Amino acid sequence: ESDAGDYTCVCGDKQSTASLAVHALPMLFKEELKNEEVQEGASVCLRCELTKAAPVQWKIGSKVLKASDKYQMRQPGTTAELVIRDLEVKDA
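Residues numbered from 1 in each chain as written. Predicted model: local features only at pLDDT ≥ 70, side-chain atom pairs only at ≥ 80, totals over all residues. Heavy atoms only, no water.

Taken as a whole and assessed by the stated rule, the structure comprises zero disulfides. C9 takes part in no disulfide bond, and the closest cysteine sulfur to it belongs to C11, at a distance of 7.0 Å. The exposed category is assigned to C9, whose relative accessible area is 54%. C48 takes part in no disulfide bond, and the closest cysteine sulfur, belonging to C45, lies 10.0 Å away. Its relative accessible area of 6% is what places C48 among the buried residues. (Disulfide = S-S within 2.5 Å. Buried < 20%, exposed > 50% of the residue type's maximum accessible area, 1.4 Å probe, protein only.)

Our next topic: the layout of surface pockets. As a volume, the largest pocket reaches approximately 450 Å³. Surrounding the largest pocket, 20 residues form its lining, V44, I84, L87, D91 and A92 being those nearest its centre. Split into classes, the residues belonging to the lining of the largest pocket amount to 13 nonpolar, one polar and six charged. (1 Å grid on protein atoms, 1.4 Å probe; cavity = no way out; pocket = protein on both sides within 12 Å on 5 of 7 lines; lining within 4 Å. Points joined across faces, edges and corners; volume = space filled by probe spheres on them. Nonpolar A, V, L, I, M, F, W, Y, C, P; charged D, E, K, R; others polar.)

Let's shift gears to the UniProt feature "domain: Immunoglobulin I-set" (unreviewed entry) in the protein chain. In this numbering, the UniProt entry assigns the feature "domain: Immunoglobulin I-set" (unreviewed entry) to residues 29-92. As annotated, residues 29-92 comprises 0% helix and 38% strand, and the C-alpha atoms at either end are separated by 23 Å. (UniProt positions renumbered as here; feature names shortened; annotations may be inferred. Helix = DSSP H or I, 4+ residues; strand = E, 2+ residues; numbered from the N terminus.)

Let us look at the environment of K66. Within the fold, K66 resides in the loop between β6 (63-64) and β7 (71-74). When residues no more than four places from it in sequence are discounted, the contact partners of K66 are Y71 and M73. (Contact = heavy atoms within 4.5 Å.)

In the structure shown here, the tally under the stated rule is seven salt bridges. As a salt-bridge pair, D91 and K70 come within 2.9 Å of each other at their nearest N and O atoms. A residue pair is termed long-range when its members are at least 10 positions apart, and D91 in the segment after β8 (79-84) and K70 in the loop between β6 and β7 qualify at 21 residues. A salt bridge links E88 to K90; its shortest N-O distance comes to 4.0 Å. On the accessibility criterion, K90 (66% relative accessible area) is exposed. In this structure, a network of salt bridges that share partners links the residues K70, E88, K90 and D91. (Salt bridge = Lys/Arg side-chain N within 4 Å of Asp/Glu carboxyl O.)

Shown next, in the form of structure tokens:
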């Protein structure tokens, strides 16, 4: 999308201009989240892969998760990861 705009070819005192529109492809899940079973007290990393880099938001039910000692969010490239530490039964 950042390549959109007006482009001009100039030759001497003559020029030709064209407008370029770039339509963004939709973001899709290339690899979806997988179910996990983990022991209480352990940590888990939930991971999904997107077709392109895009901001993500992690939720449990309708509650938006924020980074803390318990929750760590990483997004290297097109992979989104949520690490949950010191798991409790209520984290299921």
